[in-house]
Amino acid sequence: MKIIWYRHGHENRNDWVRYGLMLLHIDGQVEYLEKDLAQATESGYSQEVSSGKHRHLSFLVLFVDRSARKVIIDGEDSFIHLSDLIQESDLYFTASYNSALYRGRKFPGIDAWYSETDIHWYKNKVDQLITQLGDQFHKIKPFIPIGPDMNWKEQPGFLSTKINSLRYRLQKAIYKTNHWQPVKRNFDKRFTQLLGLRNEQLMYDVVLKDTLWGWPSHRIQLHKQLRQISCTRRICAVLNWHEPGHHDGSILSPADRSNFPMITGEEIEDYELLLSRSRLGTFATGFHWGWRNILTLALFVGIPVIMDTPVLEAYFDMGEFSLLYNTSADWNDLEEHLDNIDNTQWLRIKQQNQQVFDTRMSPRVTAAYLINTVKQACA
């Protein structure tokens, strides 16, 4: 199979599957090419796609049995961000899939702690999506949560930069494709770094670095609960200020800015490292439920996780992970959950979650799922 990914500058949330496609290319299973988004019209994408600026959307073409299929990968963290560019695609994979909406055309079921003010804007937005794009819903496929951050922060040396730049220009001039091998090498380094986090030992009960975004009162209650139990637990938590918004109704009763940041315990200098040493990854996720990469990092590392009841769905049953769900507004059972996770249980859950992640969400598996789903659609 031949795959072309038309690249632009705002799609790093989809780097996880991009890395998987690179690995399958190295394995000899696919031919993977990258080109600039400006070249996308050659595969039937419109000028709106090729000349536009797009947030968290990736545009690919997969060639199956002599036919080309335009595939969009949506790395947004909520269904309300469904793009009208879905009309450009044959298949549309989204990290923010919800079957009630995309199959049943109705508002998703939610926990009792949401008030009508919390969801009023979302209900209106869902009604608009059904009216405007409902005829496109059949293209939408579930995917994986937004993968862990694949950015490798170390810069290459002067000589490597010069060689890579020359190689890039030559390949661009001769083959009209992009030289992605240096990116793949950085992904290799980052993936090795992530694997190292799986070997960290238990040191903290909860480590949480958070912002006052998305149902602020719910997040405040979580951090109040963390502060309350910190006298007997090792807690490191910070809740930073975020301006109130209209989407979750927080603009109607804004928090007092002078109370932020809310800090409990020691400073969090390396969030990924400290999180990997935590007894329980704790996330107030709401509708967006932390598909963003820090929660999936916790699942990759394998630590136990508690989160709001998920509204979004993956292509597989997320219940295969060992997960705990919060259904209350005040998080009052948090300490009980911590009591139930002793060191032996922590190690057992880590092993289970790592196995599920590698079976369902590794870069290679994710890329293979994308390819196989397109093949099935073409059959």
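Note that the coordinates shown come from a computational prediction; the quantities given were computed from them, not determined experimentally. (Residues numbered from 1 in each chain as written. Predicted model: local features only at pLDDT ≥ 70, side-chain atom pairs only at ≥ 80, totals over all residues. Heavy atoms only, no water.)

*Asks:* Explain the overall build of the protein residue by residue, including any values.
*Replies:* Scanning the protein from N- to C-terminus turns up 12 helices and 12 strands. For 379 residues, the compact-globule formula gives about 21 Å, and the C-alpha radius of gyration of the protein, at 22 Å, lands near that figure. Considered along the principal axes of its C-alpha atoms, the protein spans approximately 65 × 50 × 40 Å. For the protein, the residues scored as buried account for 54% of the 379 residues in total. Contacts in the protein between residues at least 24 apart in sequence constitute 73% of all its contacts with a sequence separation of at least 6. Of the charged side chains in the protein, 43 are positive and 45 negative, and the gap between their average positions amounts to 8 Å. (Helix = DSSP H or I, 4+ residues; strand = E, 2+ residues; numbered from the N terminus. Rg over C-alpha atoms; globule rule 2.2 N^0.38 Å. Buried < 20%, exposed > 50% of the residue type's maximum accessible area, 1.4 Å probe, protein only. Contact = heavy atoms within 4.5 Å. Lys, Arg positive; Asp, Glu negative; His and termini not counted. Charge placed at Lys NZ, Arg CZ, Asp CG, Glu CD.)

*Asks:* Quick rundown of the side chain of His54? Include the residues and the values.
*Replies:* Its place among the elements puts His54 in the loop between α2 (47-50) and β3 (57-64). Here the side chain of His54 touches Val49 through a polar contact of 2.9 Å, landing on its backbone oxygen. Here His54 is in contact with His8, His10, Leu37, Glu48, Val49, Phe59 and Leu85, once residues within four sequence places are set aside. (Polar contact = N/O pair within 3.5 Å; in protein donor to acceptor, adjacent residues only side chain to side chain.)

*Asks:* Which residues make up the packing of aromatic side chains, and what are the values?
*Replies:* Counted under the stated rule, the structure contains 24 aromatic pairs. Between Trp16 and Phe300, the ring centres sit 6.1 Å apart and the planes meet at 85 degrees, which makes this aromatic pair edge-to-face. You can see Trp16 sitting in helix α1 (residues 15-26) and its partner Phe300 sitting in helix α9 (residues 293-301), a full 284 residues away along the chain. Accessibility expressed as a relative area gives 2% for Trp16, which makes it buried. (Phe/Tyr/Trp six-rings, centres within 6.5 Å; stacked < 30°, edge-to-face > 60°.)

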